[in-house]
Amino acid sequence: MRTFFENEKDRELLAYNAAVMAGNAVMDTVATKDEREQVRITNAYRIMMGHRRALHIQDQLTFAARGHSADMTRLGFFDHFSPVPGKRSPSDRIRAEGYPLAGASENIHRGSGDPMGAHLSWRGSSGHHRNLLMPSWFDMGTGRDGRNWTQNFGFTEKQMLED
């Protein structure tokens, strides 16, 4: 059985997810091939786990994520909190890129250089796993620098009010 519908809302979510996945695959974005693949893997996992919306690739979140990964590589730290002025927290970094966040979260990974390796690491950590599956997210961006990966998740006040 490929899909199971409990009700009309499930059918609507299936159509929404298909549209987001198709749109992400062809949209003009700053995301690299590996970053785009990491978003696809995350969305496929969210969909498989049920009752989760697929997330739009969002360039401001991608820039914030990529910048944090680059800072971790360049400065030799591994943490959600950065020593770089103005970029201390995930929210600071996301706001600095101009994303009008109402809520946000972040996953970081160091090790594997491929999108699936990062995903498997996050799945094995309770806090990161909760971020992967949080129902309130609408947007995400993933950024890689070397062996460092960062995922940023977010939603805007407008999205929150429309949900």
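Residues numbered from 1 in each chain as written. Predicted model: local features only at pLDDT ≥ 70, side-chain atom pairs only at ≥ 80, totals over all residues. Heavy atoms only, no water.

Chemist: How should the sheet that holds strand β1 (residues 56-57) be read in this particular structure?
Modeler: Backbone hydrogen bonds are what pair the strands of a sheet, in a parallel or an antiparallel way. Read across the open sheet, the four strands follow the order β1-β3-β4-β2; overall the sheet is mixed. The sheet terminates laterally at β1 and β2 (101-110), the two strands that pair on one side only. Contacting β1, β3 (139-145) and β4 (148-156), helix α2 (residues 33-49) crosses the sheet at an angle of about 135° to β3. Contacts between helix α3 (residues 59-75) and the sheet are confined to β1, β2, β3 and β4, with β3 contributing the most and set at about 30° to the helix. (Pairing = 2+ DSSP bridges. Helix = DSSP H or I, 4+ residues; strand = E, 2+ residues; numbered from the N terminus. Contact = heavy atoms within 4.5 Å. Axes fitted to C-alpha atoms, helices over the stretch in contact; angles between N-to-C directions.)

Chemist: Is there a simple way to explain the packing of aromatic side chains in this structure?
Modeler: Here a ring pair, both rings aromatic, is described through the centre-centre distance and the interplanar angle of the planes. Applying the stated rule across the entire model yields two aromatic pairs. For the pair W137 and F153, a centre-to-centre distance of 5.9 Å together with 15° between the ring planes defines the contact as stacked. Highlighted residues: W137 in the loop between α6 (126-133) and β3 and F153 in strand β4, separated in sequence by 16 residues. Residue class for W137 comes out buried when judged on its relative accessible area of 3%. Residues W137 and F155 carry aromatic rings whose centres are separated by 5.9 Å and whose planes lie at 35° to one another, so their mutual orientation is tilted. Here the residue W137 occupies a position in the loop between α6 and β3, and F155 occupies one in strand β4, the gap between them amounting to 18 residues. Just as W137 is buried, F155 falls in that class too. Put simply, the rings of W137, F153 and F155 pair up and form one aromatic cluster. (Phe/Tyr/Trp six-rings, centres within 6.5 Å; stacked < 30°, edge-to-face > 60°. Buried < 20%, exposed > 50% of the residue type's maximum accessible area, 1.4 Å probe, protein only.)

Chemist: How should I be thinking about the pairing of β3 in this particular structure?
Modeler: Successive side chains on a regular strand alternate, one facing one side of the sheet and the next facing the other. Of all seven residues in β3, five are buried, a share of seventy percent or more. By the bridge criterion, two bridges tie β1 to β3 in an arrangement that is parallel. Residue pairing for β3: H56 is matched across the bridge by D139. Bridging between β3 and β4 involves seven bridges; their strand directions are antiparallel.

Chemist: I tried to follow α3 on my own but got confused; where do I start?
Modeler: Side chains that are three or four residues apart share a direction in an α-helix, a result of its 3.6 residues per turn. Along its 17 residues, α3 runs 24 Å from first to last C-alpha, staying within 8% of the 24 Å computed at 1.5 Å per residue. Three or more residues of α3 are buried, namely L61, T62, A64, A65, G67, H68, S69, D71 and M72. The secondary structure elements touched by the buried residues of α3 are α2, β1, α4 (90-96), β2, β3 and β4. Directly beyond the C-terminal end of α3, a positive phi value near 70° is found at G76. (Expected span 1.5 Å × (residues − 1).)

Chemist: Quick question: what am I supposed to make of the pairing of β2 here?
Modeler: For β2, a buried count of seven out of 10 residues is recorded, marking the element as mostly surrounded by other parts of the structure. Here β2 runs beside β4; their pairing, made up of nine bridges, is antiparallel. Each bridged residue has a counterpart across the sheet, and for R110 the counterpart in β4 is N148.

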